[in-house]
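If you want the building blocks of each chain, they are given just below.
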Amino acid sequence: KPEIRALVNAYKTVSGDTDETYTTGGGTYARAFPNTVAFGVTMKGSGGLLGDGRGGCHERDEYITIKELHDSIKIFVRAIMNLSTL
């Protein structure tokens, strides 16, 4: 699907990551709206700065670094630009 390629392209262009992307089966707000997908990024090599078992997804000490925040913003902007051309 071109929409999915637009999202993946945004991530790969900004991150430089060439690994296969993946989806998760978790429930999100997206299922409440038609033709909607939840989209977020997990940066390769991120996490672990607080030590093993700390800072994980949806935990009270979940975090991202400033660089990951900036890169995420760039990815979301590029994703919107890619989708706007479809």
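Residues numbered from 1 in each chain as written. Predicted model: local features only at pLDDT ≥ 70, side-chain atom pairs only at ≥ 80, totals over all residues. Heavy atoms only, no water.

A. Geometry of the nonpolar core. If you look at the biggest cluster of nonpolar residues, it comprises six residues: L7, A10, Y11, M43, I75 and A79. Only helix 1 (2–15) and helix 2 (66–84) provide two or more residues apiece to this core. A total of three residues in this core trace back to one element, the largest contributor, which is helix 1. Aside from chain neighbours lying at most four places away, what touches M43 is Y11, E68, D71, S72 and I75. (Core = buried A, V, L, I, M, F, W, Y, C linked by side-chain atoms within 4.5 Å. Buried < 20%, exposed > 50% of the residue type's maximum accessible area, 1.4 Å probe, protein only. Helix = DSSP H or I, 4+ residues; strand = E, 2+ residues; numbered from the N terminus. Contact = heavy atoms within 4.5 Å.)

B. Structural detail: the packing of aromatic side chains. Applying the stated criterion across every chain yields a total of one aromatic pair. Judged by centre distance (5.9 Å) and plane angle (80°), the ring pair of F39 and F76 falls under edge-to-face. Placement of the pair is F39 in the loop between helix 1 and helix 2 and F76 in helix 2, with a sequence separation of 37 residues. (Phe/Tyr/Trp six-rings, centres within 6.5 Å; stacked < 30°, edge-to-face > 60°.)

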